[in-house]
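# Descriptive analysis of the structure
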Amino acid sequence: MSFSERKMPGFCRIFMLVLLLAHSCHGFYLPGSYMHTYSPSDSIYAKVNSLTSIETELPFSYYSLPYCKPLGGIKKSAENLGELLMGDQIDNSPYRFRMNVNESLYLCTTNPLNEHEVKLLKQRTRDLYQVNMILDNLPVMRIAKQNGINIQWTGFPVGYTPPNSNDDYIINHLKFKVLVHEYEGSGVEIIGTGEEGMGVISEADKKKASGFEIVGFEVVPCSVKYDPEVMTKLHMYDNISTVNCPLELDKSQIIREQERISFTYEVEFVKSDIRWPSRWDAYLKMEGARVHWFSILNSLMVITFLAGIVFVIFLRTVRRDLTRYEELDKEAQAQMNEELSGWKLVVGDVFREPDHPKLLCVMIGDGVQITGMSAVTIVFAALGFMSPASRGMLLTGMIILYLFLGIAAGYVAVRLWRTIKGTSEGWRSVSWSVACFFPGIVFVILTILNFILWGSKSTGAIPISLYFVLLSLWFCISVPLTLVGGFLGTRAEAIQYPVRTNQIPREIPARKYPSWLLVLGAGTLPFGTLFIELFFILSSIWLGRFYYVFGFLLIVLLLLVIVCAEVSVVLTYMHLCVEDWRWWWKAFFASGSVALYVFLYSINYLVFDLQSLSGPVSAILYLGYSLIMAVAIMLSTGTIGFITSFYFVHYLFSSVKID
């Protein structure tokens, strides 16, 4: 499937959109794909995506199974970067529809199935693989009844295995229902970003645009046993009589050696009141809205609790102590200094260089890059620019944003390096490390997973050509921009410490319990704001559900930022109060430790919610991708906590008078 993001970069799309809006005086709609209108009897061909399963999470090509092939051969649709990384492989198919023509058609009859084909069909059937078909950019939807409730699924199964049976049956007859809406071509101006690129339907084109638009695509899958001797006399697209789905197994098509399988389909066009802008509503029905609101209210309670603690620290403790200290004369201050306890005693050590300063700067730089990418992506998605109709657009946009935010990562890392070291020496090494640290971790994990996918012959494996594309983007865009950002960081003014650092480090009093235990425990509070939304995100990724509640996600992101900042400030203050001046890394991991709980929750989700996931390969893939997610969350949340704590400590000690 070819969308316009493959033809122009994201900023060009936005620029073009602004230009179009500037001279537009009618209402417009930005659905993520261009509206197609069809005249009666116009031919429309469905496309097929990779076969997918929630049991294995290994996508395979549709034509890896003995299905009918198009008359003109298999042609792959152009794919964007996001689609390739997600394992999508969209091909043309022989399924042809003619607008508003109800018909039952024959496709083909296979050669006698050999042992390999039978084994493959049985394996895909028992692994619950789904066929994903697309018509006019809409995924096919199957409606099934469970306990009297209609449940919607995208795709249909390769086959099925009856209870208490060792036989498998293939789905070889499809009953399609295409919902169409008659479009008059008046009163609405459409701005689209679909296969034809961006464009506006002008007044002159409105008559031409009149016709029928596809607003729904449903299927009822059947298994029907045909007489191969009769069926082989037919040609592709010959008419056949309408078929009722048989309930008896002896009238269904079994999968076994030497069987010849005939594929047929029928299509019914039904007029609908659904308008084209609303055609995705059926796929995006938001379930569990109350749960989302509960998550947000839960987060607000945590924020209120932490805000109260911060309020007490600032107004009742810090300000009171500072006011008392400033009201004393110099002799009294000197006497009070001898009796002081708590954070004021570490005034000469609080800005002492931390352990592994380069690693800290690198992680803060990468955290800024990831946080910026996530925030901009979620804001754009919440505003409706990331339509599910544009497959892979979300991931493609995230990668492009990450590349260009390298300049911010380099700037922040090098400026922090100058602040800690007092010199710009070594900034190139810091910039290079920022450009390679997180991408290097992702690259190593993806390479290991890719070898596993290659061994399984899955379409989820990243092609060698795409590897070179990703490496080119990395070293030709991200690395240079990070170095530019680092250079700008050397030109920026270093942050001046408000107090001098003593030459001899102050001894840290012994504690009854290790401080790292408190730091790790602090991660439970940010996790409390995140875990409910995390369930929906994991379900979207691993159970094939559409996730489109980015408004909720944006609110949760804002709450998470506030909680991370508050937790880190509280923990930093607690450590300074017990005369522990080594706050740098603890401020980072106080909020960054939420990643540990995210990873543990991912394992819990694997064990209890993905019980159908089969085989060590699927589990390794799941854990590998979860590890990447956990590292990204650690860098992002840790950076938020560290930066907040740094400015808190800077403010705190800038208020202390030192002779």
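Cut-offs applied
- Residues numbered from 1 in each chain as written.
- Predicted model: local features only at pLDDT ≥ 70, side-chain atom pairs only at ≥ 80, totals over all residues.
- Heavy atoms only, no water.
- Helix = DSSP H or I, 4+ residues; strand = E, 2+ residues; numbered from the N terminus.
- Buried < 20%, exposed > 50% of the residue type's maximum accessible area, 1.4 Å probe, protein only.
- Contact = heavy atoms within 4.5 Å.
- Areas by Shrake-Rupley, 256 points an atom, 1.4 Å probe, with all protein chains shown as cover.
- pLDDT = per-residue confidence, 0-100.
- Axes fitted to C-alpha atoms, helices over the stretch in contact; angles between N-to-C directions.
- Parallel < 35°, antiparallel > 145°, perpendicular 65-115°, else oblique.
- Nonpolar A, V, L, I, M, F, W, Y, C, P; charged D, E, K, R; others polar.
- Core = buried A, V, L, I, M, F, W, Y, C linked by side-chain atoms within 4.5 Å.
- Left-handed = near helix turned anticlockwise from the far one by under 90°.
- Patch = residues over 30% accessible without salt bridge, like charges linked within 9 Å, V, L, I, M, F, W, Y side chains within 5 Å.
- Salt bridge = Lys/Arg side-chain N within 4 Å of Asp/Glu carboxyl O.
- Phe/Tyr/Trp six-rings, centres within 6.5 Å; stacked < 30°, edge-to-face > 60°.
- Lys NZ or Arg CZ within 6 Å of the ring centre and 35° of its normal.
- Disulfide = S-S within 2.5 Å.
- Pairing = 2+ DSSP bridges.
- Arc of directions from axis to C-beta.

### Some remarks on the overall build of the protein
On a plain count of helices and strands, the protein comes out with 18 helices and 16 strands. Considering the protein as a whole, with its 659 residues, one finds that 52% of them fall into the buried category. Intrachain contacts of the protein at a sequence separation of at least 6 include 84% that bridge at least 24 residues. Element-wise, carbon and sulfur atoms account for 62% of the exposed surface of the protein, whose accessible area totals about 30800 Å².

### Description of the side chain of Arg96
Structurally, Arg96 can be placed in strand S2 (residues 91-98). Look past the residues within four positions of Arg96 in its chain and what remains in contact with it is Ser43, Ile44, Tyr45, Glu103, Leu105, Tyr237 and Tyr265.

### Structural notes on the side chain of Ser636
Tracing the backbone shows Ser636 in helix H18 (residues 616-654). Note on Ser636: relative accessible area 12%, which makes it buried. If near-sequence neighbours (up to four positions away) are discounted, Ser636 is found in contact with Gly367, Ile370 and Thr371.

### Focus on the confidence of the model for the protein
Residues at a pLDDT of 70 or more form 80% of the protein, whose mean pLDDT is 81. This model gives residues 1-32 a pLDDT under 50, and the stretch forms 78 contacts once residues within four places in sequence are excluded. Predicted confidence is poor over residues 186-208, with pLDDT under 50, and the contacts of this stretch with residues over four places away or in other chains come to 67 contacts.

### A closer look at the packing of helix H11 (residues 427-456) against H18
Where H11 meets H18, the closest approach of the two axes is 10 Å, and the angle between their N-to-C directions is 170°. Put simply, H11 runs roughly antiparallel to H18. On H18, the residues that touch Phe437, Phe438, Ile441, Val442, Ile445, Leu446, Leu449, Ile452, Leu453 and Ser456 of H11 are Val617, Ile620, Leu621, Gly624, Tyr625, Leu627, Ile628, Val631, Ala632 and Leu635. Among the residues forming the contact of H11 with H18, the class breakdown is 18 nonpolar, 2 polar and no charged.

### Remarks on the nonpolar core
Counting residues in hydrophobic clusters, the biggest one holds 121 residues, and the most contacted among them are Tyr95, Phe97, Met133, Phe176, Trp583, Phe642 and Phe653. Sorting elements by how many residues they give to this core places H18 first, with 15 residues. With residues up to four places along the chain from it excluded, the contact list for Phe176 reads Tyr95, Phe97, Met133, Val140, Phe217, Glu218, Val219, Tyr265, Glu266, Val267 and Glu268. Grouped together as the second largest cluster of nonpolar side chains are 8 residues, Ile303, Ala522, Val563 and Leu571 included.

### Observations regarding the packing of helix H8 (residues 357-382) against helix H15 (residues 550-577)
Running from N to C, H8 and H15 cross one another at 145°; their axes reach a closest spacing of 8 Å. For the pair H8 and H15, the crossing hand works out as left-handed. For the pair formed by H8 and H15, the contact residues are Ala375, Ile378, Val379, Ala381 and Ala382 on the first element and Phe550, Gly551, Leu553, Leu554 and Leu557 on the second.

### Quick word on a nonpolar patch on the surface
A cluster of nonpolar side chains, Leu520, Leu596, Leu600, Ile603, Val607, Phe608 and Leu623, forms an exposed patch at the surface whose accessible area comes to about 580 Å². Locating Phe608 in the fold gives a position in helix H17 (residues 594-608).

### Brief notes about the packing of aromatic side chains
Using the criterion set out here, one finds 37 aromatic pairs in the structure. Centre to centre, the rings of Tyr62 and Tyr67 are 4.5 Å apart; their planes meet at 15°, and the pair counts as stacked. Assigned by exposure class, Tyr62 and Tyr67 land together as buried. Consider the rings of Trp583 and Phe646, whose centres lie 6.4 Å apart with planes at 40°: the pair is tilted. A residue pair is termed long-range when its members are at least 10 positions apart, and Trp583 in the loop between H15 and helix H16 (584-592) and Phe646 in helix H18 qualify at 63 residues. The same class applies to Trp583 as to Phe646, namely buried. The rings of Phe351, Tyr497, Trp583, Trp584, Phe642, Phe646, Tyr647 and Phe653 are connected pair by pair, giving a single aromatic cluster. The ring of Tyr237 carries the charged tip of Arg96 above its face, separated from the ring centre by 4.3 Å. The ring of Tyr129 has Arg124 lying over it, and the distance from NZ or CZ to the ring centre is 5.4 Å.

### Here we look at the state of the cysteines
Overall, the coordinates contain 2 disulfides when judged by the stated rule. Bridging Cys68 to Cys108, the disulfide has an S-S length of 1.8 Å. On the sign convention where negative means left-handed, the S-S torsion of about -90° between Cys68 and Cys108 marks this disulfide as left-handed. Of this pair, Cys68 sits in the loop between strand S1 (43-48) and helix H2 (81-85) while Cys108 sits in strand S3 (residues 103-109), and the two are 40 residues apart along the sequence. Note on accessibility: Cys68 and Cys108 belong to one class, buried. Paired through a disulfide, Cys222 and Cys245 show a sulfur-sulfur distance of 1.7 Å. On the criterion of sequence distance, the pair formed by Cys222 in strand S15 (residues 211-222) and Cys245 in the loop between helix H5 (228-231) and strand S16 (262-271) is long-range, its members being 23 residues apart. A residue is classified by how much of its surface remains accessible, and Cys222, at 2% relative accessible area, is buried. Numbered by order of appearance in the sequence, the disulfide-linked cysteines of the protein pair as 1-2, 3-4.

### Quick look at the sheet that holds strand S5 (residues 133-135)
Spatial strand order, S2-S1-S5-S6: 4 strands in an open sheet with antiparallel pairing. The open sheet has two free edges, formed respectively by S2 and strand S6 (138-139), since each of these has just one partner strand. Where S1 lies against S2, 5 bridges are found, and the strand directions are antiparallel. Its bridge partner lying in S2, Ile44 is registered against Phe97.

### With respect to helix H13 (residues 515-522)
Buried residues of H13: Ser515, Val519 and Ala522, and no others. One side of H13 holds all its buried residues, which, seen down the axis, span an arc of 60°.

### A short note on the environment of Val617
Counting through the fold element by element, Val617 comes out in helix H18. C-alpha separation for the pair Val617 and Leu58, spaced 559 residues apart in sequence, amounts to 8.9 Å. Residues contacting Val617, with those up to four places away along its chain left out, are Leu58, Ile452 and Ser456.

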